[in-house]
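# Structural characterization, general
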Amino acid sequence: MRQLILGIPKGSLQEATIELFRKSGWKISLTNRNYFPEINDPEIQCSICRAQEMSRYVENGTFDAGLTGKDWILENDSDVHVVADLIYSKVSQRPARWVLAVPYDSPVQDVGDLEGKKIATELVNFTRRYFAEAGVRVDVEFSWGATEAKVIAGLCDAIVEVTETGATMRANGLRIVKELMLTNTQLIANKTAWNDPWKREKIEQISLLLQAALRAEDLVGLKMNVPKEKLNDVIEILPSLTSPTTAHLYQSDWLSVEVVVSKHTVRELVPQLLKRGAVGIIEYSLNKVI
Ligand SMILES: Nc1ncnc2c1ncn2[C@@H]1O[C@H](COP(=O)(O)OP(=O)(O)OP(=O)(O)O)[C@@H](O)[C@H]1O
Ligand SMILES: O=P(O)(O)OC[C@H]1O[C@H](OP(=O)(O)OP(=O)(O)O)[C@H](O)[C@@H]1O
Ligand SMILES: [Mg+2]
């Protein structure tokens, strides 16, 4: 039987990635210190890899496909096929941001103010390129991590660092001067693997289901009963992916109405639906939206 070698990112993206696979129908079992986790699909062999190195291993064919941040694909300048953007980060379903930041009371207000200064970052190539294009000469120094501490300690004048919730920036009293890049997780494939029909189909299956599970995260189903004469009043305020489904209730003038809506609209929507004559409203979560 053929097998697809799939890289799963270690670190910040690991938990969210394994959880997304679970929702998509694949159980990845990680035991302590084992870098080759079990997966309940004989056609996939998983391997754990640092997000920073993933794109290199996909590019050179060690892995057929893998998940990692767009930031590191760009930083490594890897020649890989991007199969899908999967918008999630460590704790949210939003992109993370790479920002230029300084201590709160620093005189630096703009990129140009950093001429001749020192910048610490994990994303050295990207940062050098950014400042070269801006025509500002800076000394970019590689940082192994805990980068926020370095600018506070005065070891550099500014940092280029990733932020998601902003908690670390706030906790260290840092000020964002500029947002340099948005990044999100991507599913990438080795170019030769992508041209192999069996592997491509397997990668596309993974892509389809991961995207479906991710889309479902933000949505819920709503179902309600509505008397015929109130139907238009109710439908008028229903946002929906497609137009709402309606069905007649058995031997009655009532209809059942079903829609898929954004989770965040529900608390506004439900009281209005009640006012307009809907009853027996139920909300249910969705596993996948295709
Ligand atoms: N909240 C976040 N913090 C840091 N990286 C994040 C976050 N959300 C998403 N990412 C992405 O995770 C990848 C970095 O993950 P990785 O595990 O390799 O580094 P790390 O989590 O910083 O590891 P380490 O604990 O060694 O610093 C990048 O692609 C980055 O964009
Ligand atoms: O905006 P926030 O939600 O606070 O997340 C961003 C923080 O998370 C990452 O740190 P990491 O855990 O990777 O530690 P490191 O700095 O040692 O790499 C990143 O380097 C930031 O410090
Ligand atoms: Mg880190």
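Anyway, here's the lowdown on the structure attached to this text.

Reading guide: rules and limits
- Residues numbered from 1 in each chain as written.
- Chains lettered and ligands numbered in written order.
- Predicted model: local features only at pLDDT ≥ 70, side-chain atom pairs only at ≥ 80, totals over all residues.
- Heavy atoms only, no water.
- Axes fitted to C-alpha atoms, helices over the stretch in contact; angles between N-to-C directions.
- Helix = DSSP H or I, 4+ residues; strand = E, 2+ residues; numbered from the N terminus.
- Parallel < 35°, antiparallel > 145°, perpendicular 65-115°, else oblique.
- Contact = heavy atoms within 4.5 Å.
- Nonpolar A, V, L, I, M, F, W, Y, C, P; charged D, E, K, R; others polar.
- Pairing = 2+ DSSP bridges.
- Near = heavy atom within 4 Å.
- Polar contact = N/O pair within 3.5 Å; in protein donor to acceptor, adjacent residues only side chain to side chain.
- Areas by Shrake-Rupley, 256 points an atom, 1.4 Å probe, with all protein chains shown as cover.
- Right-handed = clockwise from strand over helix to strand, strands pointing away.
- Salt bridge = Lys/Arg side-chain N within 4 Å of Asp/Glu carboxyl O.

Attention now goes to the packing of helix α1 (residues 14-24) against helix α8 (residues 197-217). Between α1 and α8, the least distance of the axes is 8 Å, while the angle of their chain directions is 100°. Between α1 and α8, the crossing angle belongs to the class labelled roughly perpendicular. Listed contacts from α8 to Leu20, Phe21, Lys23 and Ser24 of α1 are Ile206, Leu209, Leu210, Ala213, Leu214 and Glu217. Partitioning the contact of α1 with α8 into residue classes produces seven nonpolar, one polar and two charged.

A few words on the sheet that holds strand β5 (residues 65-69). Taken in spatial order, the five strands line up as β4-β1-β5-β12-β6 in an open sheet, and their pairing is mixed. Sheet topology places β4 (44-50) and β6 (81-86) at the edges, where each strand pairs with a single neighbour. Averaged over all adjacent pairs, the angle separating strand axes in this sheet is 25°, with direction ignored. Sheet topology note: the β5/strand β12 (residues 185-189) ladder contains five bridges and is antiparallel. Residue pairing for β12: Gly69 is matched across the bridge by Thr185. Each of β1 (4-10) and β5 touches α1; the most contacted strand, β1, lies at about 135° to it. With respect to the sheet, helix α2 (residues 51-59) is in contact with β1, β4, β5 and β12, its orientation differing from that of β4 by roughly 130°.

Every one of the 15 residues lining ligand 1 counts as a neighbour, but Lys10, Ser12, Gln52, Asp71 and Glu164 are closest to it. Take Lys10: an N or O atom from its main chain is 2.9 Å from an oxygen atom of ligand 1. In the model, a nitrogen atom of ligand 1 is placed 2.6 Å from a nitrogen or oxygen of the Glu164 side chain. In isolation ligand 1 offers 610 Å² of accessible surface; the protein chains occlude 75% of this area. Listed by contribution, the elements that provide at least two residues to the shell around ligand 1 are α2 and α3 (70-76). Partitioning the shell around ligand 1 into residue classes produces four nonpolar, six polar and five charged.

This brings us to the sheet that holds strand β10 (residues 158-163). The strand order β9-β8-β10-β7-β11 describes an open sheet built from five strands, whose pairing is mixed. With one partner strand each, in any of the chains shown, β9 (139-142) and β11 (174-183) form the two edges of the open sheet. Shown here is a sheet whose adjacent strand axes are inclined to one another by a mean of 25°, direction ignored. Two strands pair when backbone bridges link them, and strand β8 (residues 118-121) and β10 are joined in this way by three bridges, in the parallel orientation. Looking across to β10, one finds that Thr121 is bridged to Val160. Relative to β9, helix α4 (residues 124-134) is tilted by about 170°, and along the sheet it contacts β7 (96-103), β8, β9, β10 and β11.

Before going further, it helps to examine the pairing of β9. The pairing of β8 with β9 spans four bridges and is parallel. If you follow Ile119 over to β9, its bridge partner there is Val140. Once the chain exits β8 it traverses α4 before rejoining the sheet at β9, and the crossover so formed is right-handed.

To continue, consider the pattern of salt bridges. Under the criterion given, the structure shown has 13 salt bridges. Measuring nitrogen to oxygen at the nearest pair gives 2.9 Å for the salt bridge that ties Glu43 to Lys202. Of this pair, Glu43 sits in the loop between β3 (38-39) and β4 while Lys202 is found in helix α8, placing the two residues 159 residues apart along the sequence. Salt-bridge contacts for Arg97 lead to Glu179; the nearest nitrogen and oxygen are separated by 3.2 Å. With Arg97 in strand β7 and Glu179 in strand β11, this residue pair connects regions lying 82 residues apart in the sequence.

Geometry only, nothing functional implied.
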